Amino acid sequence: MAGDKVVPLYGNRSVDFKDGFNEPHAKIKMRDYVDLLQREPTKFRIFLSNVLKEVSVLQKDFMYPDFGIRLMKGLPMLFFGGTDSYTFMHYDIDLANIFHFHFEGEKKIILFNQQQNKYLYKVPHALITREDIDFSNPDFEKWPALKNAKGYTTNLEHGNMLYMPEGYWHHMQYITPGFSMSLRVIARKPKNLGKAIYNIFVMRTIDNSMRRIKGQKWIDWKNEKAISRTNKFLISRYVK
Ligand SMILES: O=C(O)CCC(=O)C(=O)O
Ligand SMILES: [Fe+2]
């Protein structure tokens, strides 16, 4: 039903200063994308898609479950991926609680809470870790701080739902082609809500402006800071 809709695709390309925050890497018709998923492995994912909004008949295909907790009722976002694709380690800009429902394929999940930030080579003014870390097979020689990070891992199959508490980091690797729907609940801890407001109104504006002003130098500086801050923390732990 959504075959003719043009959808945005994301690959594994690292952040480029010429891109806006979360700008897509390619566009394709939904029909062709589904063909691609079924035909061969692909790094291309659909991330934060609002296809339900555009194809209103699909809205009849689901109901909001009643968990006794107030879900954000803007239309839910859909996420698709094929064998070999993964969604990089990140947390969501609004630090929402996320109920992540999975359909079709199998997906491997890694989660960390916000207390692990100091070990994760987090990029400043961003919601990601260093993009050259392979979380599916981390190189602990190159990224020693990761050895200290305590997280969770699980696999999702058709019909499973994963609850991610507010602000949790998530890395999602599609083992086979599939798609998911995320329902969200606003951050409840005042500190997290404060961070959400800061991210949406301040962090994103600073980052977009600095990309325009300083270009790639800004991105490179942030990536270097991700390492130096994490190393500084590691050293301070051992030299006391
Ligand atoms: O499933 C994915 O590819 C990413 C999901 C995600 O980032 C989210 O639900 O916030
Ligand atoms: Fe996310």
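Before any of the text, the structure's been laid out above.
Thresholds, definitions, all that
Residues numbered from 1 in each chain as written. Chains lettered and ligands numbered in written order. Predicted model: local features only at pLDDT ≥ 70, side-chain atom pairs only at ≥ 80, totals over all residues. Heavy atoms only, no water. Salt bridge = Lys/Arg side-chain N within 4 Å of Asp/Glu carboxyl O. Helix = DSSP H or I, 4+ residues; strand = E, 2+ residues; numbered from the N terminus. Buried < 20%, exposed > 50% of the residue type's maximum accessible area, 1.4 Å probe, protein only. Arc of directions from axis to C-beta. Contact = heavy atoms within 4.5 Å. Core = buried A, V, L, I, M, F, W, Y, C linked by side-chain atoms within 4.5 Å. Donors = N, O, S within 2.8 Å, 3.2 Å for Na, K, Ca; no water. Pairing = 2+ DSSP bridges. Axes fitted to C-alpha atoms, helices over the stretch in contact; angles between N-to-C directions. Patch = residues over 30% accessible without salt bridge, like charges linked within 9 Å, V, L, I, M, F, W, Y side chains within 5 Å. Areas by Shrake-Rupley, 256 points an atom, 1.4 Å probe, with all protein chains shown as cover.

Re the pattern of salt bridges
Working step 1: Under the definition given, this model contains seven salt bridges.
Working step 2: Taking the shortest distance from any N to any O, the salt bridge between Lys222 and Asp207 comes out at 2.7 Å. Linking Lys222 in helix H4 (residues 216-238) with Asp207 in helix H3 (residues 190-214), this pair joins segments that are 15 residues apart in sequence. Accessibility assignment for this pair places Lys222 and Asp207 in one class, buried.
Working step 3: Within this structure, Asp92, Asp94 and Arg184 form a network of salt bridges that share partners.

Some words on helix H1 (residues 30-39)
Residue pairs spaced three or four apart in an α-helix point in one direction, given the helix's 3.6 residues per turn.
Working step 1: Inspection of H1 places Met30, Tyr33, Leu36 and Leu37 among the buried residues, and these make up the whole buried set. Buried residues in H1, looked at end-on, bunch into an arc of 120°, giving them a common side. Pointing more than 90 degrees away from the buried face of H1 are the exposed residues Gln38 and Arg39.
Working step 2: Looking at the buried positions of H1, the neighbouring elements they touch are strand E1 (6-9), strand E2 (26-29), strand E3 (46-49) and strand E4 (77-81).

Quick look at the nonpolar core
Working step 1: With 22 residues, the main nonpolar core has Tyr33, Ile46 and Phe80 as its most contacted residues.
Working step 2: Looking at this core, the elements with two or more residues in it are E1, H1, helix H2 (51-54), E4, strand E6 (97-103) and strand E11 (178-185).
Working step 3: The residues contacting Ile46, other than those within four sequence positions of it, are Val7, Pro8, Leu9, Met30, Tyr33, Leu78, Phe79 and Phe80.

Some words on the coordination of the iron ion (ligand 2)
Working step 1: Here the iron ion (ligand 2) is held by the protein donor atoms His90 (NE2), Asp92 (OD) and His170 (NE2), which lie 2.1 to 2.2 Å from it.
Working step 2: Within one chain, the residues serving as donors to the iron ion (ligand 2) are arranged as H-x1-D-x77-H. Of this pair, Asp92 sits in the loop between strand E5 (86-90) and E6 while His170 sits in strand E10 (residues 169-174), and the two are 78 residues apart along the sequence. Side by side, Asp92 and His170 carry an identical accessibility label, which is buried.

Focus: the sheet that holds E11
Working step 1: Ordered in space as E3-E4-E11-E6-E9, the five strands form an open sheet in which the pairing is antiparallel. Every interior strand has two partners, whereas the edge strands, E3 and strand E9 (161-164), have only one. Ignoring which end each strand starts from, the neighbouring axes of this sheet average 20° apart.
Working step 2: Lying over the sheet, H1 contacts E3 and E4, oriented at roughly 40° with respect to E4.

Section: a nonpolar patch on the surface
Working step 1: Together, Met72, Ile186, Leu193, Ile197, Tyr198, Phe201, Val202 and Ile206 make up a nonpolar patch on the protein surface, roughly 690 Å² of accessible area in all.
Working step 2: Topologically, Val202 is positioned in helix H3.

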